[in-house]
Every structure is written in structure tokens, then in C-alpha cells.
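Commentary on secondary and tertiary structure
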Amino acid sequence: LGKLAKWLRILGYDVLYKNDYIKDEILEIAEKEERVILTRDTKLARSHKGKIIFIEDDHFRIQLSEVLKKLNLTPSQKMVFSRCITCNELIVESSPNEVEGRVPEYVFKTQRIFFKCPRCQRIYWGGTHKTNMLREIESLKAH
């Protein structure tokens, strides 16, 4: 469910994900932090008494649509691109001076607005990838 986790983060949702969680760890975190478990593991889905969504489909677009519907979530423009897609931390605006030498030279010369993850230090800016993601989000709304 890595791609689903990434897209939920792109939409601004707080999503914990790593592909090597063990069952007990998942259950403990979910209970302690009052999280919803998203899983493709039928045993986990049957055994857990808390909030859990069994993800049936293999395709992330269908998975995402299903999760948004089942949790009654409506992504907002304000939330989109507010989290690091790598580590889930809320990103913060960063000045061009702070990112100089850490982004490609062309990006530095053509972009003025940057964001940085305070945890993993990943840097974000609005490029063609952002346009493509926004297009994908719009297509998701159509379904």
C-alpha cells in the first residue's frame, strides 16, 4: 500500500507507513494513536477489533477512492502538498538562500518558492511534477 500512503500524504493526510511493520506493532500504534489501519492482509482485517479498512483492489486510484469514501474524507486545497511524502512530517516554507546548492541549478534559477521537511530535509518546489499531481488529483475527484 506504499503508493496509496504516498497519495494520502500528497492530499495532506497523516499516514504512517513502512512495509516492514509487524502485526503487533501495527495494532499497538493504531490503538495508542487512534489510527485507522489500512491493510490488504485478510488475517489482520479479521482479527482486529478497532477501526480497519481492508483494501481489496491492487490499483492505487481505486484504493484511494475507496479510502476517501469509507472515511468520508474530502481533500482540501489547503491540505494538498502540506506533508512530506517520504516521512509524513508537515513541511515548512524555506527561503531560496536555505536551499541554494541543495536543488538543481535550473530549479534554483526558475523557482522562488520552496518547502522543506524539518525531519528528513527533503526539499519541494512547484515544477511539472506538481502540475502532474494536481491533474491526477482532479481526475480522482471525477471518479
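Before any of the text, the structure's been laid out above.
One structure accompanies this document, and this report is about it.

Rules of the game
- Residues numbered from 1 in each chain as written.
- Predicted model: local features only at pLDDT ≥ 70, side-chain atom pairs only at ≥ 80, totals over all residues.
- Heavy atoms only, no water.
- Core = buried A, V, L, I, M, F, W, Y, C linked by side-chain atoms within 4.5 Å.
- Buried < 20%, exposed > 50% of the residue type's maximum accessible area, 1.4 Å probe, protein only.
- Helix = DSSP H or I, 4+ residues; strand = E, 2+ residues; numbered from the N terminus.
- Polar contact = N/O pair within 3.5 Å; in protein donor to acceptor, adjacent residues only side chain to side chain.
- Contact = heavy atoms within 4.5 Å.
- Salt bridge = Lys/Arg side-chain N within 4 Å of Asp/Glu carboxyl O.
- Pairing = 2+ DSSP bridges.
- Axes fitted to C-alpha atoms, helices over the stretch in contact; angles between N-to-C directions.

1. Things to note about the nonpolar core
Membership of the largest hydrophobic core comes to 23 residues, with the highest contact counts inside it found for W7, L8, L11 and L64. Breaking this core down by element, the ones donating at least two residues are α1 (2–10), α4 (60–70) and α7 (128–142). In terms of nonpolar packing, the next biggest core, distinct from the first, is built from six residues, V99, F108, F114 and I123 among them.

2. Quick word on unusual backbone geometry
Of note in this structure, E34 is not a glycine but carries a positive phi near 50°. Here E34 lies in the loop between α2 (23–33) and β1 (37–39). Classification of E34 by relative accessible area gives exposed; the value is 75%.

3. Details of the side chain of R35
Along the chain, the position of R35 falls in the loop between α2 and β1. Looking at R35, its side chain comes within polar contact range of the side chain of D14, at 3.0 Å. Ignoring any residue separated from it by four or fewer positions in sequence, one finds R35 in contact with D14, V15, L16, I29, A30 and K51.

4. Quick look at the pattern of salt bridges
Using the criterion set out here, one finds seven salt bridges in the structure. Where salt bridges share partners, they join D14, E33 and R35 into one cluster.

5. Details of the sheet that holds strand β4 (residues 114–116)
The strand order across the open sheet formed by three strands is β3-β4-β5, and the pairing between neighbours is antiparallel. Sheet topology places β3 (92–94) and β5 (123–125) at the edges, where each strand pairs with a single neighbour. Shown here is a sheet whose adjacent strand axes are inclined to one another by a mean of 40°, direction ignored. Examined bridge by bridge, β3 and β4 share three bridges and lie antiparallel to one another. Paired with V92 across the bridge in β4 is K116.

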